[in-house]
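So the chains spell out like this:
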Amino acid sequence: MSGVEERITGLDAVITSLPAVEREVFDRIFRVAVSGGLLKPPASMNTWIEKQFGSLERTLKQKIIRVTNLVTGEEALFNQLRAERPMRTGRVGEYPFPHENDSSINPFHDPLNMTPEDVFGRIEGKHCMTASNVAKYHAFHGVIIFNEHNPLQFSREQVTDYIDTGFRWAQAAHSYDPEAKYFFFMWNCGGRAGASLPHGHAQVTLCRSNHYAKTEWLRRAALIYRERYGTSYFDDLYRSHHSAGVGFEKDLVKVMAYLSPIKEKEVVLISRELDTGFKETFYEVLACLRDRMGVTSFNAAFLLPPIAPVEEDWEGFPAIARVVDRGGIEGRASDIGTMELYAANVISSDPFEVAGVLREQMDVTEG
């Protein structure tokens with residue numbers, strides 16, 4: 001892609017430069033549209049604009065990129081000025097909230113005495129323990145309580161243990177109720193990401209009947225794609241990101257700085273199964289977001305096929321992880337508004353920059 005602008009504002013040129021076969025695959029999945037935003041600011045604003053954006057001229061005509069995933073319906077809007085803002089920086093593991101030892105304030109400090117267990121008991125890992133969620137949104141809804149209070153202090157071994165413990169919880173729940181087969185692992189890190197307690201924890205659910213709607217919709221969309229084109233949607237999704245320059249492989253795990261992210265710095269990982277390589281690459285992505293990109297709150301989720309046989313077709317559905325930055329913990333403004341709720345996602349970060357930092361941090365040399 002020599003001579004092509006390797007940033008989101010140059011995505012249209014990147015796609016135009018692709019070989020015909022790669023362009024065909026990309027166009028199956030994504031539509032990229034370019035528009036121009038024009039301003040006529042009063043002279044009284046010039047000083048403020050120059051201070052905020054570096055110069056007046058670059059605000060007068062702004063290039064906006066609209067990326068739509070035609071298969072899933074996800075859509076993101078990238079504004080040139082927003083995309084070029086520098087990434088936030090932060091100290092490793094920085095977290096401002098005190099970690100209270102008072103179990104009346106932080107029941108996770110004493111989980112055996114201050115949290116309920118599930119009907120099938122607790123699952124203990126080396127670095128965590130499960131509890132039953134008091135305010136459930138599913139019949140089987142557990143909490144993985146980390147031994148480490150600070151949610152931003154996590155190691156490769158700890159993250160792997162959290163995932164393994166969550167999967168063992170799912171197996172125990174399935175043994176108790178064999179009809180419950182659809183496992184979901186989620187990690188809300190920090191209040192900005194929806195965590196009600198600052199103590200580090202993740203959550204797990206196991207559903208009957210069908211997977212959650214968004215995972216089920218993805219399964220159906222992938223089936224329709226396979227029937228129409230005779231290829232795997234997930235393989236082509238990665239192929240599109242790789243050809244555009246925002247995807248790479250690490251230990252057989254496909255890593256993408258997603259082109260139609262739900263919010264800032266979203267990274268998608270795809271693997272054949274929930275194996276060691278997948279879990280360790282997931283840790284490396286989290287660590288890079290924290291250590292190199294200053295992320296202090298995030299949401300992470302695993303989209304997985306059922307843990308036991310079911311009637312519907314899940315053939316070719318991989319293990320998927322999605323991670324997204326939820327903004328600085330010191331910020332007062334919400335990171336989502338009406339656009340995100342009812343229209344399209346407005347994104348400040350640049351997937352090309354995210355991919356570059358990930359590739360450098362994870363020591364990946366291929367394009």
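See above for the structure.
Bear in mind the structure is a predicted one, so any value in this text is a computation, not a measurement.

Asker: Describe the layout of surface pockets, listing the residues and the values that go with them.
Answerer: Approximately 1300 Å³ is the volume attributed to the largest pocket. Along the wall of the largest pocket there are 40 residues; nearest its centre are E74, K214, I262, E266 and R322. Mapped onto the lining of the largest pocket, the elements with two or more residues apiece are β6 (182–189), α8 (213–229), α9 (233–244), β10 (267–271), β11 (298–303), β12 (319–325) and α11 (338–342). Ranked by residues supplied to the lining of the largest pocket, first place goes to α8 with five residues.

Asker: Could you give an account of empty space enclosed by the protein, with specific residues and numbers?
Answerer: Scanning all chains against the criterion turns up two cavities of 30 Å³ or more. What the largest cavity holds in volume is close to 40 Å³. As for the largest cavity, its lining consists of A257, Y258, P261, K263, E264, K265, E266, I347, S349, D350, P351 and V354. Along the lines of polarity and charge, the residues of the lining of the largest cavity split into six nonpolar, one polar and five charged. Considering only enclosed or pocket space, the second largest cavity measures out at about 30 Å³ in volume. If you trace the second largest cavity, you find it lined by P151, W187, N188, C189, G190, A195, L197, P198, H199, G200 and H201. Per-element tally for the lining of the second largest cavity: the top contributor is β6, with three residues. Of the residues belonging to the lining of the second largest cavity, the class tally is six nonpolar, five polar and no charged.

Asker: I'd love a proper account of the packing of aromatic side chains, names of residues and values included.
Answerer: Enumeration according to the criterion identifies 23 aromatic pairs in this entry. Taken together, a centroid distance of 6.2 Å and an interplanar angle of 40 degrees make the contact between F120 and F140 tilted. Highlighted residues: F120 in the loop between α6 (111–114) and β4 (128–132) and F140 in strand β5 (residues 140–146), separated in sequence by 20 residues. As far as the burial class goes, F120 and F140 line up, both buried. Taking the centre distance of 6.0 Å and the plane angle of 70 degrees together, the rings of F167 and F183 count as edge-to-face.

Asker: Explain the packing of helix α7 (residues 156–176) against helix α10 (residues 276–291) to me, using residue names and the numbers behind them.
Answerer: Put simply, α7 and α10 touch, their axes get as near as 9 Å, and they point 125 degrees apart. When the axes of α7 and α10 are compared, the pair comes out oblique. When the axes of α7 and α10 are compared, the crossing they make is right-handed. Listed contacts from α10 to R156, V159, T160, I163 and D164 of α7 are K279, E280, F282, Y283 and E284. Class assignment of the residues belonging to the contact of α7 with α10 gives a composition of four nonpolar, one polar and five charged.

Rules and cut-offs
- Residues numbered from 1 in each chain as written.
- Predicted model: local features only at pLDDT ≥ 70, side-chain atom pairs only at ≥ 80, totals over all residues.
- Heavy atoms only, no water.
- 1 Å grid on protein atoms, 1.4 Å probe; cavity = no way out; pocket = protein on both sides within 12 Å on 5 of 7 lines; lining within 4 Å.
- Points joined across faces, edges and corners; volume = space filled by probe spheres on them.
- Helix = DSSP H or I, 4+ residues; strand = E, 2+ residues; numbered from the N terminus.
- Nonpolar A, V, L, I, M, F, W, Y, C, P; charged D, E, K, R; others polar.
- Phe/Tyr/Trp six-rings, centres within 6.5 Å; stacked < 30°, edge-to-face > 60°.
- Buried < 20%, exposed > 50% of the residue type's maximum accessible area, 1.4 Å probe, protein only.
- Axes fitted to C-alpha atoms, helices over the stretch in contact; angles between N-to-C directions.
- Parallel < 35°, antiparallel > 145°, perpendicular 65-115°, else oblique.
- Left-handed = near helix turned anticlockwise from the far one by under 90°.
- Contact = heavy atoms within 4.5 Å.

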